[in-house]
Amino acid sequence: MPSIVRAAPITNQVTKRLVVIGDSYSDPDYDTSNGLPSTPNWAEILVSRDRAVSMVNYARSGATAMTYAGAPARGTFKSQLDLFLANPRYGDDDITVVYLGYNDIARSTDPQARWQTLAPAKADFRVGVDRLLTAGAATGKRRLLIAAVHDWSRKPNSRAEYLPRTREWLTFTYDFVNKRRATHKGMICVNVFRRFNDVVLRPQAYGLNNVTTADPARAATTALYYNTSHFGAKGQTILANEFSSAFDLVCRTR
């Protein structure tokens with residue numbers, strides 16, 4: 001008789017600690033530091049729902065996957081990792097999320113040549129993720145979640161080059177996660193891209209009627225974008241739901 005492997009039950013609390021590496025989409029201070037109304041982001045929403053007991057968040061607005069001279073504190077993947085890995089104290093069920101790429105895609109017109117191609121960003125991203133894997137981010141019951149960014153070419157102030165750069169970054173993300181999963185099964189891709197493509201194709205299914213222009217007055221209810229680059233409360237809630245689904249997958253794979 002074959003053995004039966006039963007998946008762990010899905011519970012509300014999935015981790016005692018959520019660790020976040022990212023940019024303005026994950027930065028808890030993005031709203032108040034830019035004079036905007038206080039709006040919980042996806043990570044704060046998950047903690048408020050008790051899906052995580054606590055959170056340590058290194059994300060900073062403007063952060064890039066690529067390392068470069070003169071970056072502000074926590075302004076790159078490497079600098080956020082340096083802070084975290086100086087004393088990670090990994091718990092037995094920690095979930096670490098890496099959600100980066102938007103600013104590397106966006107800086108295509110930077111006069112410095114290093115931004116003209118995504119190759120340096122991809123190389124630094126590989127190094128950063130491998131540092132997390134070496135530290136044990138995907139070992140045992142711990143999980144490392146890598147976000148596949150949504151289509152940056154669909155934001156209100158998009159430029160023509162954003163579409164091919166977004167496609168290049170996504171192809172890299174999917175391929176890289178698949179390769180690392182061959183030896184690190186605790187690494188999971190959170191497909192933010194697929195979710196928000198569906199949001200754009202079927203906005204009414206998500207209670208939205210504006211997914212193309214910035215509308216701060218309605219960004220908590222029926223509009224996706226608060227400003228030309230960022231979701232409002234409604235979009236962040238959809239993001240939180242997508243990450244929550246990934247947390248459910250974590251429960252099934254432990």
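Residues numbered from 1 in each chain as written. Predicted model: local features only at pLDDT ≥ 70, side-chain atom pairs only at ≥ 80, totals over all residues. Heavy atoms only, no water.

**Student:** So what exactly am I meant to see when it comes to the overall build of the chain here?
**Tutor:** A count of helices and strands for the chain gives eight helices and seven strands. With the C-alpha coordinates aligned to their principal axes, the bounding extent of the chain is approximately 55 × 40 × 35 Å. Relative to its 254 residues, the chain shows a buried fraction of 50%. Looking at the chain alone, contacts between residues at least 24 apart form 71% of all its contacts between residues at least 6 apart. Carbon and sulfur atoms make up 53% of the accessible area of the chain, which amounts to about 11300 Å² in all. Treating the 33 positive side-chain charges of the chain as one cloud and the 22 negative ones as another, the clouds have centres 5 Å apart. (Helix = DSSP H or I, 4+ residues; strand = E, 2+ residues; numbered from the N terminus. Buried < 20%, exposed > 50% of the residue type's maximum accessible area, 1.4 Å probe, protein only. Contact = heavy atoms within 4.5 Å. Areas by Shrake-Rupley, 256 points an atom, 1.4 Å probe, with all protein chains shown as cover. Lys, Arg positive; Asp, Glu negative; His and termini not counted. Charge placed at Lys NZ, Arg CZ, Asp CG, Glu CD.)

**Student:** Honestly, the pattern of salt bridges in this entry has me stumped. Any pointers?
**Tutor:** Between side chains of opposite charge, a pair can form when the charged atoms approach closely. Across all of its chains, the model carries 13 salt bridges by this definition. Among the ionic pairs, Lys16 bridges to Asp92, the shortest N-O distance being 3.1 Å. Here the residue Lys16 occupies a position in strand S1 (residues 15–22), and Asp92 occupies one in the loop between helix H3 (77–85) and strand S3 (95–99), the gap between them amounting to 76 residues. The exposure class of Lys16 is partly exposed, given its relative accessible area of 42%. Taking relative accessible area as the criterion, Asp92 reaches 48% and is therefore assigned partly exposed. Among the charged side chains, a salt-bridge network with shared partners connects Lys16, Asp92 and Asp93. (Salt bridge = Lys/Arg side-chain N within 4 Å of Asp/Glu carboxyl O.)

**Student:** Would you mind going over the packing of aromatic side chains with me for this structure?
**Tutor:** The geometry of an aromatic ring pair comes down to the distance between the two centres and the angle between the two planes. On inspection of all chains with the given rule, the structure shows 19 aromatic pairs. With centroids separated by 6.1 Å and ring planes inclined at 70°, the aromatic side chains of Tyr25 and Trp152 adopt a geometry described as edge-to-face. Remark: Trp152 occurs in the loop between strand S4 (143–147) and helix H6 (162–181) and Tyr25 occurs in the loop between S1 and helix H1 (30–33); sequence separation between them is 127 residues. The exposure class assigned to Trp152 is buried, which follows from its relative accessible area of 4%. Note on Trp169 and Phe172: the rings are 5.2 Å apart at their centroids and 55° apart in plane angle, and the pair reads as tilted. Of this pair, Trp169 and Phe172 are both found in helix H6, three residues apart, which corresponds to roughly one turn of the helix. (Phe/Tyr/Trp six-rings, centres within 6.5 Å; stacked < 30°, edge-to-face > 60°.)

**Student:** Please explain the state of the cysteines as it appears in this structure.
**Tutor:** When the sulfur atoms of two cysteines share a covalent bond, that bond is a disulfide. Within the structure shown, the criterion is met by zero disulfides. Not part of a disulfide, Cys189 finds its nearest cysteine sulfur in Cys251, a span of 19 Å. With relative accessibility at 27%, the residue Cys189 sits in the partly exposed group. (Disulfide = S-S within 2.5 Å.)

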